[in-house]
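Chain by chain, the residues:
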Amino acid sequence: MKRFNKIFLTSATLIGLAIGCKDDSLSPYIEPNGGASGLGQFVSLVDGTTLLPTATAFYSQSAVDAATFFDENNQANGINYKLQWVSYDDRVNIASIELYVAYNETYSDADRNPLIADHGGPSKGPSYPEGKFWKSVTPTGARAPIDLTITPSDMFELFKDQTWDYDDDGTEEGIFSAEAAAITKTDRTVSTKRFLSSRTVTLTAGNVTLAADQFVLRWRLVGDDGKGYGSWSASVCQETVGINCLGQWRVNKSVFNPKATYTRETSAKAFLKDGDKTTVTITYDKSIATAPVVALTGPGTLGPLTPVAGSTTKFTVEYTAPAGYTGTVTVGTSGAVSTGAAPAGGLTQVASTTTLNVDNQAPILVKAATFSPTRVGRGQATLLTLDFNEAMSATAANALKVSITGQQGLDDLAATSMTLAANGLSATYLYLWKDSSAPFDNTHGDVTVAVTGGKDLAGNAFAGISPTFLNDAGNTVADAGLAINVSGVVPAPTATFTADLGTQLQWSIAQTAFSGSSTSGTWFWVAVTAGSTAPVQAVRDVTGLTNKVYNGFGTITNSKASGSTTARVKLHTVYG
């Protein structure tokens, strides 16, 4: 018992010493700091009210890009942004918010490689974001949005002294300088157009398409105890509803400026000629407070601009075509100002034009009329084709007509319409050989076709033409051997024979063609013993060919064989 008391007293003493010597810095427990984050939202320029991203959705850059931007052609107007802070554990009070901006300028090197000059600089420490310090703003409390307006002028003032080595020669040029413009072929020296949308730049090596300039706004929250709170990781910002780490926007072009479209009467002619009038209706996509200035480039006259009654977006103007001119004219508008205030109102229109076509020249053929084939016989056809330098009218009253009257004994063809191609640039007519008389009353020779009628789209008349094709009917040919006449054929070529009947039957044939006969084809012949009866047929019918073919007999004498051998030859020509 005495031993137990001694142990107890010793333990109590040690515990007492341990408690009396406690060092809080050696404690494994570290009290966490409070947490704070920011939520920034763009005010949509499209409607002026919608906040992007919404506080109940994930951050969407594509949604922001569609509704928030600097306008290249209206750089007096900026964007609106609402920034608030929140402490999720209610242990932090934010006294100020520091704003940092990065400017991503797009340019190209001499080899047409798209590049980005990232102006703004890296983070300076754990709680500092990337970008260049712009300014500090003071919030009124948690979840109380601070309204920010950011203009191109603000960004110019922030980055006006920035430099960059565009040609990688070791020397940096001011980004808004003439030296930089000479290297990049992109001029940023104009005060009303410092920042640019997507564009095509012409370099010595060729054209290059560049993306739009881009800006990124980030923030640093500073507590009333002086502690700084930077952005959370990108994954947290992108995957947590109601939180984001940045606000990013780009440069667009003439998004809200009024834009005009041009229409004409439903029945308007595509081409106008002397004295023709047309009314051009100018329709804007926004209500117009200041009417446009309308100008005509090219000959003709333009009437006064007239507002359409009951409309704040429509105007009309009448154009009258001149005489003696063929070409285009343009009607252009400029200076119209939209109703309302910025950013979507009070803006000057994007200047634009519409083109009108004037035509006082008669249509002409771009080449001679063609017949395919150029000769036609019984049961055959030929296709007439006309190719014009401009589209012809498809109106029935303006149709091109084909006529044939009393030529070569063929039946007459009354004025018959040609078939116009869909593009109006060519017309065709298929002529079928026409002779109702039997056996034949037509004659061999050229047939003249009269093409009349036809107008172009402006109403200018075609002068007409008279092309020809051959009626290949043939003449009457006498057969000396059989003493019969065969009508409706072409005279056969005359054959001249050279023969060698020594050991084999050999000969060659030279021919002389008559007018109207073919100079090509295949010769057939039959050799018979002298005194034998010759073939009795006088005509060889060849289906589908231009002419029926008949050639007379001739004789060949073998002068080398013993005795005298005579062969009688029957000749046919087959046209290929």
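Predicted, not measured: the structure shown is a model, and the values here were computed from it.

## Considerations on helix α3 (residues 152-159)
Stage number 1. For α3, the complete set of buried residues consists of P152, M155, F156, L158 and F159. On an axial view of α3, the arc spanned by its buried residues comes to 165 degrees, and they lie on one face.

## Observations concerning the state of the cysteines
Stage number 1. Under the defined criterion, the tally for this structure stands at one disulfide.
Stage number 2. Here C237 pairs with C245 through a disulfide, and the sulfurs are 1.3 Å apart. Handedness of the C237-C245 disulfide follows from its S-S torsion of about 55 degrees: it is right-handed. Side by side, C237 and C245 carry an identical accessibility label, which is buried.

## What about the environment of E179?
Stage number 1. Structurally, E179 is set in helix α4 (residues 178-184).
Stage number 2. Linking E179 and T189, residues ten residues apart in sequence, is a C-alpha distance of 9.9 Å.
Stage number 3. Side chain to side chain, E179 and S177 meet in a polar contact 3.3 Å long.

## A short note on the pattern of salt bridges
Proximity of charged atoms lets side chains of opposite charge pair with each other.
Stage number 1. All chains considered together, the criterion is met by nine salt bridges.
Stage number 2. For R188, the salt bridge goes to E105, with nearest N and O atoms at 3.2 Å. Highlighted residues: R188 in the loop between α4 and β11 (199-203) and E105 in strand β5 (residues 94-108), separated in sequence by 83 residues. Grouping residues by exposure puts R188 and E105 together as buried.
Stage number 3. The partner of R375 in a salt bridge is D472, and the shortest N-O contact between them spans 3.1 Å. Placement of R375 in strand β28 (residues 375-376) and of D472 in the loop between β36 (468-471) and β37 (475-478) is noted, with a sequence separation of 97 residues between them.
Stage number 4. R375 sits in the partly exposed class, given a relative accessible area of 31%.
Stage number 5. D472 gets classed as buried once you look at its relative accessible area, which sits at 2%.

Criteria and cut-off values
Residues numbered from 1 in each chain as written. Predicted model: local features only at pLDDT ≥ 70, side-chain atom pairs only at ≥ 80, totals over all residues. Heavy atoms only, no water. Buried < 20%, exposed > 50% of the residue type's maximum accessible area, 1.4 Å probe, protein only. Helix = DSSP H or I, 4+ residues; strand = E, 2+ residues; numbered from the N terminus. Arc of directions from axis to C-beta. Disulfide = S-S within 2.5 Å. Polar contact = N/O pair within 3.5 Å; in protein donor to acceptor, adjacent residues only side chain to side chain. Salt bridge = Lys/Arg side-chain N within 4 Å of Asp/Glu carboxyl O.

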